Amino acid sequence: MEEVEKGEIFKMNTKPSSMKEVEEGEIFERNTKLRLDNHPEATAEAASLFTDDIILEILSHLPARSVHRFKCISVSWRNLIADPANHKKLPQTLAGFLYFTTDDSGHHHHFASVSGRAPPFDPSLPYLQPNKYKDMTQVDACNGLLLYRGSNNKLVAWNWAKDDFRFVVCNPVTGRWVELPPSPQSAENRFSCIAGLAFDPAVSSHFHVLHFEQTFQGSYITAVNIYSSRTRAWTRRDSGMVEKVVLFYLTRCVFVGGIMYLMGIHKGINEENVLVGVDMEVKVWKIIRVPYSSGVGTLGSSQGCLHFAIASSIDNIELWCLKDCDSKELVLKNTASIGKLTSMTRKWYSVAEIHPDCDTIFLVSWEGDALAAYDMQHQKVGCILNVEINIGQRQRFLSYVPLFLESLADADGQ
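Residues numbered from 1 in each chain as written. Predicted model: local features only at pLDDT ≥ 70, side-chain atom pairs only at ≥ 80, totals over all residues. Heavy atoms only, no water.

**Examining the overall build of the protein**
Move 1: Broken down by element type, the protein carries six helices and 24 strands.
Move 2: Burial statistics for the protein: of 414 residues in total, 53% are counted as buried.
Move 3: Expressed as a percentage of contacts within the protein between residues at least 6 apart in sequence, the contacts between residues at least 24 apart total 55%.
Move 4: With the model as given, the accessible surface of the protein reaches about 19,500 Å², and the carbon-plus-sulfur share is 52%. (Helix = DSSP H or I, 4+ residues; strand = E, 2+ residues; numbered from the N terminus. Buried < 20%, exposed > 50% of the residue type's maximum accessible area, 1.4 Å probe, protein only. Contact = heavy atoms within 4.5 Å. Areas by Shrake-Rupley, 256 points an atom, 1.4 Å probe, with all protein chains shown as cover.)

Structural data, given as structure tokens:
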């Protein structure tokens, strides 16, 4: 286990708003280091000219990865950055992963921490369950907010047809939450369980929830229901798609650059797996072909761009990215072999998640009992987390980065 450098890759913090911001932050960091190295006698004098408020203001505009590294400048900077009182002003690190197991009594919520520390909140959401709902299902996570499905009836797996339900959006670290009105989907579409959360605090405090409709199993996308926290209402719109696409069951929804992406099957002359992108007004649709179109990959938002990880063979993983929101072509970014990890742990893995700040992927064992981090850029294994086994059901993980802002548009809870 000498290869495992526990926690090394988790020195990366939350995602910057763009690739340009990453580059500017890294240049600033390198130049600052050079100046300090060349003139060590000026370090103390220069540092004394900056008040804590000025330092925090500067750091708040830099990529989180650079902010974390600046802890090494001095003890006072380290304490300033680590102070919980400054969490609202500075970017936050990836805290861990939400996932759940099921049994006859319903869903049981868990949190796998990447730092080994206690979760930043109670994953069972005691202020909602069972006080408000008997059962809560994890649906999506986006930039610190969580999307749940609340029910007061017994839920059988993901079968929504037999149950009235409400979507709930919450910020778990502040305890603020909002219950959405019923989705306007038609009666024959009640089983539809594909929904995603769209939220970017750098753009607005408001969020959207997109609930996709398919008439029956194996059909095509027929409509999208859009909830806006600004209007506090749902809008139902026909998809208007020319292409015939069937969304994957429980596909991951990823919101980046104003577009929500999902994965499905394009029913053309030859069936192939594709990525589907749609804007918040359901006016712009785009289809992106993926490599190894017969395989199922993993979507994620990393470093401000859409990323797609897929196994090219049983030991090789490829990481692709979409350079900009207008592009319809994925570009190969990194390739890595996980043979060492497989031989070291004697387990086979598939991709579960993508780190929001760096070229690190998270792999879940086929048994579902371990989650391993792999730095594709440096070909290194990070920490390996043990997780609760969900017998008979594939684990589904949602990456979580805390959001310490109090605002939650339209909040009607605490």
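Moving on from the coordinates now.
**Digging into the pairing of strand β15 (residues 285–289)**
Move 1: The buried count for β15 comes to four of five residues, which makes it a mostly enclosed element.
Move 2: Counting the residues that bridge the hairpin from strand β14 (residues 272–279) to β15 gives five residues, and of these Val282 lies at a positive phi of roughly 55 degrees. (Pairing = 2+ DSSP bridges.)

**What about the state of the cysteines?**
Move 1: One pass over the full model with this rule turns up zero disulfides.
Move 2: Cysteine Cys321 shares no disulfide, and the gap to the nearest cysteine sulfur, in Cys305, comes to 6.0 Å.
Move 3: The buried category is assigned to Cys321, whose relative accessible area is 5%. (Disulfide = S-S within 2.5 Å.)

**As for the pattern of salt bridges**
Move 1: Taken as a whole and judged by the stated rule, the model has ten salt bridges.
Move 2: Measuring nitrogen to oxygen at the nearest pair gives 2.8 Å for the salt bridge that ties Glu213 to Arg236. Of this pair, Glu213 sits in strand β8 (residues 207–214) while Arg236 sits in strand β10 (residues 233–238), placing them 23 residues apart in sequence.
Move 3: Arg236 sits in the partly exposed class, given a relative accessible area of 39%.
Move 4: One network of salt bridges, with partners in common, ties together Asp140, Arg252 and Glu353. (Salt bridge = Lys/Arg side-chain N within 4 Å of Asp/Glu carboxyl O.)

**Here's the deal with the environment of Val296**
Move 1: As for its position among the elements, Val296 is in the loop between β15 and β16 (298–302).
Move 2: Classification of Val296 by relative accessible area gives exposed; the value is 59%.
Move 3: Sequence spacing of Val296 and Ile310 is 14 residues, and the spatial spacing of their C-alpha atoms is 6.9 Å.
Move 4: Residue contacts for Val296: discarding those within four places in its chain leaves Phe248, Met263, Asn273 and Ile310.

**Details of helix α5 (residues 75–82)**
Move 1: Along α5, the residues that are buried comprise Trp77, Leu80 and Ile81. Buried residues along α5 cover an arc of 95 degrees about the axis, so they all sit on one side. (Arc of directions from axis to C-beta.)

**Thoughts on the side chain of His109**
Move 1: Structurally, His109 is set in strand β2 (residues 106–113).
Move 2: By relative accessible area, His109 is classed as buried at 11%.
Move 3: Looking at His109, its side chain comes within polar contact range of the main-chain oxygen of Met136, at 2.7 Å.
Move 4: Within the structure, the side chain of His109 is placed 2.9 Å from the side chain of Gln138, a separation counted as a polar contact.
Move 5: In this structure His109 touches Tyr99, Phe100, Pro123, Ser124, Gln129, Met136, Thr137, Gln138 and Tyr148, once residues within four positions along its chain are discounted. (Polar contact = N/O pair within 3.5 Å; in protein donor to acceptor, adjacent residues only side chain to side chain.)

**Looking at the pairing of strand β5 (residues 166–171)**
Move 1: The buried count for β5 comes to five of six residues, which makes it a mostly enclosed element.
Move 2: One ladder, built from five bridges, connects strand β4 (residues 145–151) with β5; its direction is antiparallel. Paired with Tyr148 across the two strands is Val168, which belongs to β5.
Move 3: Note that β5 and strand β6 (residues 176–179) share four bridges and pair antiparallel. Following the sheet pairing, Val168 is matched in β6 by Glu179.
Move 4: The turn joining β5 and β6, which pair antiparallel and follow one another in sequence, is formed by four residues; a positive phi near 80 degrees is taken by Gly175.

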